[in-house]
Amino acid sequence: MSSMRDIKQRIANVSSTKQIIKAMDMIASTKLHKAKAQLEGVRPIYRELKRLVEELGRLEDVQNHVFYQEREIKSSLYIVLTSDQGFSGGYNANIIKKALEHMNQGKNEKILVVGYKGYEYFKKMRKNIIRKVVDVADSQVYYGSESIAKWLLELYLSGEADEVFIAYTHFENVLNHIPYVQKVLPISTDNTDKIYESAMKYEQGLDTFIDHLIPLYLHMKLFRAYSESHTSEQAARMVSMDAAGKNASEMIEDLTRLYNRKRQAAITQELSEIVGSANILNKGGTL
Amino acid sequence: MAKEEPKYVSEKKINLNITTPRGLKFVEEADMIIMRCIDGDLGVLPGHEPVSTVLGDGILRIINNGNEMKLAVFGGIAVIEDKRVNIFTTIAQRPEEIDRERAEIDRRKVEAMLEESEEHQFHKLQMLLRHSLIRIEVSSHLEESEYLKHNVEDEEE
């Protein structure tokens, strides 16, 4: 059994840990607020662009375009979005698991990993990491995703990657975030519902339109996926810090109870010793 | 407005929606819209045939009830459908959102850099210059064309 001094020490330790947990919880919830605002901003434009891009894919002329055409697959590029820091429960494990599941279907994969956690993991697994992006400041994300979109297009057009997938965590609400693997390129076309002639005219020609639309779409897709993941990360951290805070409180309560019981026991013992010796003295005995 | 009508009711107006990565930014009505495409200006009146176009860097002019509003729009896509115009762009700024001083500083900085720039930077610098000029014009109605004319004369001397 531990002594009273040990218990006191432990209570002090747990309390200071709880303070840190509380601070992290607060930071996560502020960041969650910001990330959510950013996410809600990017969702509408992404949704509309996606609709536009997919509608274009139904055109017969477009299905042979380089961004839409399926090629023979020699290597696949995966973009895996993870976090730089831990303390976020199963967030990183879930997305890595999902990505691995997808890769294990006999893909010859190249990986672009975002976030330190994912980098460490894939390095340990000896996967083929061709680019890593870590420690991105929040203000740099927007332009960062633009340059990655450009890089992605170059890679795809040069034939170094024949298909591109992105693994991100979709933010549903604070308690629910679901890992997804989505195909980015080539853009999947719907063959069942072909249109042969578009009702829409293209001012500078269809090809020019696609050439400008796709980079914008990819930029928004990456930015949105990052926003989704970032928001999920903050939510996961907030939830797990909340749980940790509760655990710490419980532990402090238990330890305090134990400490009080010990104190009580010590007092009782002392008292009974005094009473006992007083009784002996009163009966005229000697100690 | 004394009488509040839903936005879709009016028949001879264009419903303009501008969506940016910060959300649906403008929902406006207009009699006419003039937008800058990559190959020149395009004016749109209600009942325009469905056209999709690629926007360049420039000024979006929205004319409504005889008032003209100018926005700085940099790149993007416009989808025109009968009475609806949807614009998707990364940057769309109202005059009051533009930091005029910063744009002026940018312009001077870029102009200084252009003098000693190398070939590969030239395009990027020119783009930055164009952006700052558009911002300045939108916030002050200074004519871009006049400025450019002026500049060309300087070079000829």
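Placed above this text is the structure.
The structure displayed is predicted, hence computed values, not measured ones.

Help me understand the nonpolar core, please; the structure alone is not making it clear to me.
The nonpolar side chains of soluble globular proteins are, as a tendency, buried together. Ranked by internal contacts, the top residues of the largest apolar core, which has 54 residues, are Leu49(A), Leu56(A), Phe67(A), Tyr68(A), Leu185(A) and Ile214(A). Going through the elements one at a time, α1 (4-57), β1 (76-81), β2 (109-114), α4 (141-157), β4 (163-171), β5 (177-185) and α5 (206-282) of chain A together with β6 (67-82) of chain B are the ones with two or more residues in this core. Looking at which element gives the most residues to this core, the answer is α5(A), with 13 residues. Not counting chain neighbours up to four residues away, the residues in contact with Phe67(A) comprise Leu153(A), Tyr156(A), Leu157(A), Leu185(A), Pro186(A), Ile187(A), Ile210(A), Asp211(A) and Ile214(A).

Please explain unusual backbone geometry as it appears in this structure.
Backbone geometry follows two general trends: most residues other than glycine have a negative phi, and most peptide bonds adopt the trans configuration. Residue and element names in this part refer to chain A. Cis geometry marks the peptide bond from Leu185 to Pro186; its omega dihedral reads -10°. Looking at the secondary structure, you find Pro186 in the loop between β5 and β6 (201-202). At Asp135, a position not held by glycine, the phi torsion is positive, near 55°.

What am I meant to see in the packing of aromatic side chains here?
Residue and element names in this part refer to chain A. Evaluated as defined, the whole model comprises 8 aromatic pairs over all chains. Ring geometry for Tyr142 versus Phe223: centroids 5.2 Å apart, planes at 85°, classification edge-to-face. Remark: Phe223 occurs in helix α5 and Tyr142 occurs in helix α4; sequence separation between them is 81 residues. In this pair, the class of Tyr142 matches that of Phe223, namely buried. Relative to Phe209, the ring of Tyr202 has its centre 5.1 Å away and its plane inclined at 45°; by these criteria the two rings are tilted. Three or more aromatic residues joined by ring pairs form one cluster here, namely Tyr142, Tyr143 and Phe223. It is Arg131 that lies over the ring of Trp151; its NZ or CZ is 5.0 Å from the centre. Of note, Lys132 hangs over the ring of Tyr119, and the distance from its end group to the ring centre comes to 4.4 Å.

Explain the pairing of β6(B) to me, please; I cannot follow it from the model alone.
Side-chain positions along a regular strand alternate between the two faces of the sheet. All names here are of chain B. As judged from the 14 bridges shared by strand β5 (residues 48-64) and β6, these two strands associate in the antiparallel manner. Looking across to β6, one finds that Thr53 is bridged to Ala78. Bridge count for β6 against strand β8 (residues 91-93) is 3 bridges, and the pairing is antiparallel. Bridged to Val73 within β8 is Ala92. Remark: 1 residue form the turn of the hairpin made by β6 and strand β7 (residues 84-88), two consecutive strands paired antiparallel.

What exactly am I supposed to notice about the sheet that holds β5(A) here?
Residue and element names in this part refer to chain A. With respect to topology, 5 strands assemble into an open sheet ordered β3-β2-β1-β4-β5, the strand pairing being mixed. Each edge of the open sheet is held by one strand with a lone partner, namely β3 (129-133) and β5. Taking the axes of each pair of neighbouring strands and ignoring which way they run, one obtains an average angle of 20° across the sheet. Where β1 meets β4, 5 bridges bridge the pair, whose relative direction is parallel. Across the sheet, the residue bridging to Leu77 is Val164, located in β4. Contacts from α1 reach β4 and β5 within the one sheet, and its direction differs from that of β4 by about 130°. Of the strands in this sheet, β1, β2, β4 and β5 touch α5, which is tilted by about 35° from β4.

Definitions and cut-offs
Residues numbered from 1 in each chain as written. Chains lettered and ligands numbered in written order. Predicted model: local features only at pLDDT ≥ 70, side-chain atom pairs only at ≥ 80, totals over all residues. Heavy atoms only, no water. Core = buried A, V, L, I, M, F, W, Y, C linked by side-chain atoms within 4.5 Å. Buried < 20%, exposed > 50% of the residue type's maximum accessible area, 1.4 Å probe, protein only. Helix = DSSP H or I, 4+ residues; strand = E, 2+ residues; numbered from the N terminus. Contact = heavy atoms within 4.5 Å. Phe/Tyr/Trp six-rings, centres within 6.5 Å; stacked < 30°, edge-to-face > 60°. Lys NZ or Arg CZ within 6 Å of the ring centre and 35° of its normal. Pairing = 2+ DSSP bridges. Axes fitted to C-alpha atoms, helices over the stretch in contact; angles between N-to-C directions.

No statement about biological role is implied by the geometric values presented.
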